[in-house]
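Here are the chains, one letter per residue:
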Amino acid sequence: GQSLEQPSEVTAVEGAIVQINCTYQTSGFYGLSWYQQHDGGAPTFLSYNALDGLEETGRFSSFLSRSDSYGYLLLQELQMKDSASYFCAVRSRDDKIIFGKGTRLHILP
Amino acid sequence: DGGITQSPKYLFRKEGQNVTLSCEQNLNHDAMYWYRQDPGQGLRLIYYSQIVNDFQKGDIAEGYSVSREKKESFPLTVTSAQKNPTAFYLCASSASRGMNYEQYFGPGTRLTVT
């Protein structure tokens, strides 16, 4: 079967850095994605890692270690608008994309 | 503007009725997906399609049906056999041979069955 594990909630202070971890177990792995979803909205794409290492996009970075079946999303210089749910998602064979249950990020002023 | 449209935004049905949710995309994407999201939960895959006239079951396909007669359209029918249909339904598409397999999501349909 396939499963993804990520913390249900994380709290951080405005201006700080936060890391959201994701471990996965899949039959066939082709990449790890991260999505952001604000309350009542649709998920929006943040990043994708197919190979090991760090990908940086502005304040957001994503890391993948395929040997450890592990990845994380790093958010820097946190802003109040970053308060949202963050989902990791794995792409397996046949373009099947499975999501984790999401991490709710709370940001304190 | 390219994107994905879902209609309606809110839908109310009586128990025992089938209901069809619309999903249309003009992004020329090959792959399309249907997810279900319950409060405080992640997205669970119902069905997906990589190409016209072909689709595969996701993790929670029971009680749902789909069709993919056109590249642009991937409607989802919630049948009376679905035991707990009230949920937020999200449709997505992606360029299956793209560089990052980014999924683009529609605004979603909130279905309430009473």
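Quantities reported herein were computed from a predicted structural model and do not represent experimental measurements.

Undergrad: Help me out: how do you make sense of the overall build of chain A in this one?
TA: For chain A, the helix and strand inventory stands at zero helices and eleven strands. The helix and strand sequence of chain A, counted from the amino end, reads β-β-β-β-β-β-β-β-β-β-β. The C-alpha radius of gyration of chain A comes to 13 Å, within 12% of the 13 Å expected for a compact globule of 109 residues. Projected onto the principal axes, the alpha-carbon positions of chain A cover approximately 40 × 30 × 20 Å. The buried share of chain A, reckoned over its 109 residues, is 49%. Put simply, 56% of the contacts in chain A that link residues at least 6 apart link residues at least 24 apart. Of note, chain A has its 8 positive side-chain charges centred 7 Å away from the centre of its 12 negative side-chain charges.

Undergrad: Sorry, what's going on with the sheet that holds strand β3 (residues 18-25) of chain A here?
TA: Hydrogen bonds between backbone atoms are what pair the strands of a sheet, whose relative direction is either parallel or antiparallel. All names here are of chain A. With respect to topology, five strands assemble into an open sheet ordered β1-β3-β8-β7-β6, the strand pairing being antiparallel. With partners counted over all chains shown, the strands left at the sheet margins are β1 (3-5) and β6 (53-57), one partner each. With direction set aside, neighbouring strand axes in the sheet form an average angle of 20 degrees. Of the strand pairs in this sheet, β1 and β3 are connected by three bridges, and their pairing is antiparallel. Its bridge partner lying in β3, leucine 4 is registered against tyrosine 24.

Undergrad: How do you make sense of the interface of chain B and chain A when you look at a structure like this?
TA: One frequent convention defines the size of an interface as the accessible area lost when the parts assemble. Counting residues at the interface gives 23 residues for chain B, matched by 19 residues for chain A. There are one salt bridge connecting chain B and chain A. Its salt-bridge partner being B:Asp59, residue A:Lys96 comes within 3.5 Å of it at the nearest N-O pair. Across the contact surface, chain B and chain A share five residue pairs in polar contact (both at pLDDT 80 or more). With four residues, the single largest contributor to the side of chain B that touches chain A is strand β5 (residues 43-51) of chain B. Its residues assigned to classes, the side of chain B that touches chain A comprises eleven nonpolar, nine polar and three charged.

Undergrad: Explanation requested: the pattern of salt bridges in the structure shown.
TA: Note on pairing: side chains with opposite charge can pair once their charged atoms come close. Residue and element names in this part refer to chain B. Under the counting rule described, the total for this entry stands at seven salt bridges over all chains. Lysine 71 is the salt-bridge partner of aspartate 30, the closest N and O atoms lying 3.4 Å from each other. Taken together, the residues aspartate 30 in the loop between β3 (19-25) and β4 (31-37) and lysine 71 in the loop between β7 (64-66) and β8 (76-78) connect sequence positions 41 residues apart. Looking at aspartate 30, the relative accessible area reads 26%, which means it is partly exposed. One connected set of salt bridges, linked through shared partners, spans Arg36, Asp38 and Arg44.

Undergrad: Would you mind showing me how to read the nonpolar core here?
TA: As a rule of thumb, nonpolar side chains are buried together in soluble globular proteins. A:Leu75, A:Tyr86, A:Phe99 and B:Tyr35 are the most contacted members of the largest nonpolar core, which totals 40 residues. When residues in this core are grouped by element, the largest group, six residues, is from strand β9 (residues 84-91) of chain A. Once you skip the residues sitting within four places of it in the chain, A:Leu75 turns out to touch A:Ala16, A:Ile17, A:Val18, A:Ile20, A:Arg59, A:Phe60, A:Asp82, A:Tyr86 and A:Leu105. Core analysis: the next-biggest nonpolar cluster, separate from the first, contains 20 residues, B:Trp34, B:Ile60, B:Val66 and B:Leu76 among them.

Undergrad: Would you mind showing me how to read empty space enclosed by the protein here?
TA: By rolling a water-sized probe across the atoms, one finds the places where empty space is left. Residue and element names in this part refer to chain A. On inspection of all chains with the given rule, the structure shows one cavity of 30 Å³ or more. Among the secondary structure elements, those contributing two or more residues to the lining of the largest cavity are β5 (44-49), β6 and β7 (60-65). Its residues placed into classes, the lining of the largest cavity shows three nonpolar, four polar and two charged.

Conventions and cut-offs
Residues numbered from 1 in each chain as written. Chains lettered and ligands numbered in written order. Predicted model: local features only at pLDDT ≥ 70, side-chain atom pairs only at ≥ 80, totals over all residues. Heavy atoms only, no water. Helix = DSSP H or I, 4+ residues; strand = E, 2+ residues; numbered from the N terminus. Rg over C-alpha atoms; globule rule 2.2 N^0.38 Å. Buried < 20%, exposed > 50% of the residue type's maximum accessible area, 1.4 Å probe, protein only. Contact = heavy atoms within 4.5 Å. Lys, Arg positive; Asp, Glu negative; His and termini not counted. Charge placed at Lys NZ, Arg CZ, Asp CG, Glu CD. Pairing = 2+ DSSP bridges. Axes fitted to C-alpha atoms, helices over the stretch in contact; angles between N-to-C directions. Salt bridge = Lys/Arg side-chain N within 4 Å of Asp/Glu carboxyl O. Polar contact = N/O pair within 3.5 Å; in protein donor to acceptor, adjacent residues only side chain to side chain. Nonpolar A, V, L, I, M, F, W, Y, C, P; charged D, E, K, R; others polar. Core = buried A, V, L, I, M, F, W, Y, C linked by side-chain atoms within 4.5 Å. 1 Å grid on protein atoms, 1.4 Å probe; cavity = no way out; pocket = protein on both sides within 12 Å on 5 of 7 lines; lining within 4 Å. Points joined across faces, edges and corners; volume = space filled by probe spheres on them.

In short, shape yes, function no, at least from these values alone.
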